[in-house]
Amino acid sequence: MLCPSCHQDNDKVIDSRPCDEGAGIKRRRECQFCGWRFTTYEKIERINIKVVKRNGSREPFDRQKLKNGLELACRKRPNISDAQLEGILNKVEIEVENRFNAEVESQVLGELLMEHLYHLDQVAFIRFVSVYRKFADAKDFVEVLKPMLGRGSHKK
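These figures come from a predicted structure and were not determined experimentally.

(A) Spatial organisation of the nonpolar core. Counting 27 residues, the largest nonpolar core has Val92, Val96, Leu117 and Phe125 as its most contacted members. Mapped onto this core, the elements with two or more residues apiece are helix 1 (63–74), helix 2 (82–99), helix 3 (106–120) and helix 4 (122–132). By residue number, the principal contributor to this core is helix 3, which donates 7 residues.

(B) Spotlight on the sheet that holds strand 2 (residues 24–31). Spatially, 1-2-3 is the arrangement adopted by the 3 strands of the open sheet, whose pairing is antiparallel. Each end of this open sheet is capped by a strand with a single partner; those strands are strand 1 (11–19) and strand 3 (37–43). Taking each pair of neighbouring strands and ignoring which way they run, the sheet shows an average axis angle of 25°.

(C) Region of the structure containing the packing of aromatic side chains. Tallied over the entire structure, the rule returns 1 aromatic pair. With a centroid separation of 5.2 Å and 85° between ring planes, the pair formed by tyrosine 118 and phenylalanine 125 is classed as edge-to-face. Given the relative accessible area of 14%, tyrosine 118 is considered buried. Phenylalanine 125 sits in the buried class, given a relative accessible area of 11%.

(D) Quick look at the pairing of strand 2. As judged from the 8 bridges shared by strand 1 and strand 2, these two strands associate in the antiparallel manner. Bridge pairing links proline 18 to isoleucine 25 in strand 2. Linking strand 1 to strand 2, which pair antiparallel, is a turn of 4 residues; within it aspartate 20 sits at a positive phi near 50°. Pairing between strand 2 and strand 3: 7 bridges, direction antiparallel. The residue of strand 3 that forms the bridge with arginine 29 is phenylalanine 38. Here strand 2 folds back onto strand 3, and the loop between the two strands holds 5 residues, one of which, glycine 35, carries a positive phi near 85°.

(E) Local environment of the pattern of salt bridges. A full pass over the atoms with the stated rule returns 12 salt bridges. A salt bridge links lysine 65 to glutamate 59; the nearest nitrogen and oxygen atoms lie 2.8 Å apart. When its relative accessible area of 26% is taken as the criterion, glutamate 59 is described as partly exposed. Of the charged contacts, one joins arginine 63 and glutamate 86 as a salt bridge, the two residues approaching to 2.5 Å between their closest N and O atoms. Taken together, the residues arginine 63 in helix 1 and glutamate 86 in helix 2 connect sequence positions 23 residues apart.

(F) Structural view of the sheet that holds strand 5 (residues 58–60). Strand order in the open sheet made by the 3 strands is 5-4-6, with mixed pairing throughout. Both outer strands of the open sheet, strand 5 and strand 6 (103–105), are each paired with one neighbouring strand and no more. For this sheet, the mean angle separating the axes of adjacent strands, direction not counted, is 35°. The pairing of strand 4 (residues 50–52) with strand 6 spans 3 bridges and is parallel. Its bridge partner lying in strand 6, valine 52 is registered against glutamate 105.

Reading guide: rules and limits
Residues numbered from 1 in each chain as written. Predicted model: local features only at pLDDT ≥ 70, side-chain atom pairs only at ≥ 80, totals over all residues. Heavy atoms only, no water. Core = buried A, V, L, I, M, F, W, Y, C linked by side-chain atoms within 4.5 Å. Buried < 20%, exposed > 50% of the residue type's maximum accessible area, 1.4 Å probe, protein only. Helix = DSSP H or I, 4+ residues; strand = E, 2+ residues; numbered from the N terminus. Pairing = 2+ DSSP bridges. Axes fitted to C-alpha atoms, helices over the stretch in contact; angles between N-to-C directions. Phe/Tyr/Trp six-rings, centres within 6.5 Å; stacked < 30°, edge-to-face > 60°. Salt bridge = Lys/Arg side-chain N within 4 Å of Asp/Glu carboxyl O.

The structure is reproduced here in structure tokens:
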């Protein structure tokens, strides 16, 4: 690893810790030449999965795109942390890599995210579903809410 200060390739690791819920390692390093301390992150190299869109087009799996959708659904919701959203993204990413070799349909990604959001925050879940399923009117909301209200399972 080249030192960001002097560009020498002579450093030692002075501290290692897991990060991203165990999906990576954060390392604190010190350059043996100039003494500069810097941090590096290591993550497992992910396979290149393509997402098959509804119109049949394919695009590379984009974690940031999923994160943007989650953040929009969770906007201004109390008690939802960035760490919780990162946890959902890590779980979805690992599940996709374990279940699919090269391609995954966008509908599968949406369903996985909805499942995790349902257990995290039901208002965020409804927001996500309404955009993902392109709700046209109030009847669409009622259809999703019926099972939730029927179970009497709502968080305060």
